[in-house]
Amino acid sequence: MASDVLDKDPEFEAIRKVYSALKDLDGAAQNRVLDYVINKLNLTREGAGAGGREIEEIREEAPAKPPNLHSTERQGDDDLDGISPVAQKWMRRNSFTAPALFSLFSLGVDEIDLVAKAVPGKNKKERMHSVGLLKGIASYLGSGAARFTHEQMKEACLHYDAYDAANFAAHMKSFSAEVAGSKENGYTLTARGLTAATDLVRQVISAVPANKALQPAAKKRDS
């Protein structure tokens, strides 16, 4: 199938655009988008069948986009080692550079983690909220999915003096619109949570080093 024919076919052009929009989302997000569009257009969803093969064929045969030598995406490639492609796009959209994020996350190692000296919050509940959002971003940077376990959350809360054993479950429930999940299944940032976490990262990296609003991290204790 010649690429010039595909370019003139509105159906294949639509397939190209849909594929491009969905390819970097996880499976659950892809299905939510497709379900919404299908319901909006009153369509019936069918199996992938030959359609799936056609999308792959278009992807392989479509001419590669010429590189933009002036693009900022080419700068600092070494700093982006170990950061998921999805998170790299998130960084570019929000003008976050790797050097700026180094003060918050352990970039350049096998498992990216939260390593900030302090997190925002005037009390344990506020700091716990900050920990949940930032742990989600740490996981997002490393794997492309903003998910983390209960044990990881608890350990980080202990480190940042944000652990309130008596109210932990109640606090997590109050954060559920942004940090959803359970002790058994772990936690995940929602779309709203990713937005809130992005704003928090911007707030922290924009703050002066001596910002007294940040609560000093407590010495790490055994959980």
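Procedures and definitions
Residues numbered from 1 in each chain as written. Predicted model: local features only at pLDDT ≥ 70, side-chain atom pairs only at ≥ 80, totals over all residues. Heavy atoms only, no water. Axes fitted to C-alpha atoms, helices over the stretch in contact; angles between N-to-C directions. Helix = DSSP H or I, 4+ residues; strand = E, 2+ residues; numbered from the N terminus. Parallel < 35°, antiparallel > 145°, perpendicular 65-115°, else oblique. Contact = heavy atoms within 4.5 Å. Nonpolar A, V, L, I, M, F, W, Y, C, P; charged D, E, K, R; others polar. Salt bridge = Lys/Arg side-chain N within 4 Å of Asp/Glu carboxyl O. Buried < 20%, exposed > 50% of the residue type's maximum accessible area, 1.4 Å probe, protein only. Core = buried A, V, L, I, M, F, W, Y, C linked by side-chain atoms within 4.5 Å. Phe/Tyr/Trp six-rings, centres within 6.5 Å; stacked < 30°, edge-to-face > 60°. 1 Å grid on protein atoms, 1.4 Å probe; cavity = no way out; pocket = protein on both sides within 12 Å on 5 of 7 lines; lining within 4 Å. Points joined across faces, edges and corners; volume = space filled by probe spheres on them.

1. Here's the deal with the packing of helix α5 (residues 85-93) against helix α7 (residues 124-143)
At their nearest, the axes of α5 and α7 sit 6 Å apart, and the two run at 120 degrees to each other. In terms of orientation, α5 and α7 fall into the oblique class. Residues V86, A87, W90, M91 and R93 of α5 form the contact with α7, whose participating residues are I137, Y140 and L141. Across the contact of α5 with α7, the residue classes tally to seven nonpolar, no polar and one charged.

2. Some thoughts on the pattern of salt bridges
Tallied over the full model, the rule gives five salt bridges. Across the salt bridge formed by D113 and K135, the nearest N and O atoms sit 2.7 Å from each other. Remark: K135 occurs in helix α7 and D113 occurs in the loop between α6 (98-101) and β1 (118-120); sequence separation between them is 22 residues. The class for D113 is partly exposed, based on a relative accessible area of 30%. Between D161 and K124 there is a salt bridge, with the nearest N and O atoms lying 4.0 Å from each other. Taken together, the residues span a long stretch of sequence, with D161 in the loop between α8 (150-159) and α9 (168-174) and K124 in helix α7 at a distance of 37 residues. Accessibility expressed as a relative area gives 24% for D161, which makes it partly exposed. Here the residues in one salt-bridge network are K124, R127 and D161, joined through shared partners.

3. Brief notes about the nonpolar core
The nonpolar side chains of a soluble globular protein tend to be buried with one another. One finds M91, L101, F105, L141 and M153 to be the most contacted residues of the largest nonpolar core, which totals 41 residues. Looking at this core, the elements that each hand over two or more residues are α5, α6, α7, α8, α9, β4 (186-189) and α10 (191-206). Sort the elements by how many residues they give to this core and α7 lands first, with eight residues. With sequence-adjacent residues up to four places away left out, M91 is seen in contact with L80, I83, F96, T97, A98, L101 and L141.

4. Quick word on the packing of aromatic side chains
Overall, the coordinates contain four aromatic pairs when judged by the stated rule. Their ring planes at 45 degrees and their centres at 5.9 Å tell us that F148 and Y187 sit as a pair that is tilted. Pair noted here: F148 is in strand β2 (residues 147-148) and Y187 is in strand β4, with a separation of 39 residues, a long-range link. Each member of the pair, F148 as well as Y187, carries the same accessibility label: buried. Taking the centre distance of 5.6 Å and the plane angle of 50 degrees together, the rings of Y163 and F168 count as tilted. Pairwise contacts between aromatic rings join W90, F96 and Y140 into one cluster.

5. Quick look at the layout of surface pockets
In this structure, the second largest pocket occupies an estimated 620 Å³ of space. L25, D26, A29, Y140 and G144 are, among the 22 residues lining the second largest pocket, the residues nearest its centre. Elements with a minimum of two residues in the lining of the second largest pocket: α3 (27-40), α5, α7, β4 and α10. Looking at the lining of the second largest pocket, its residues break down into 11 nonpolar, five polar and six charged.

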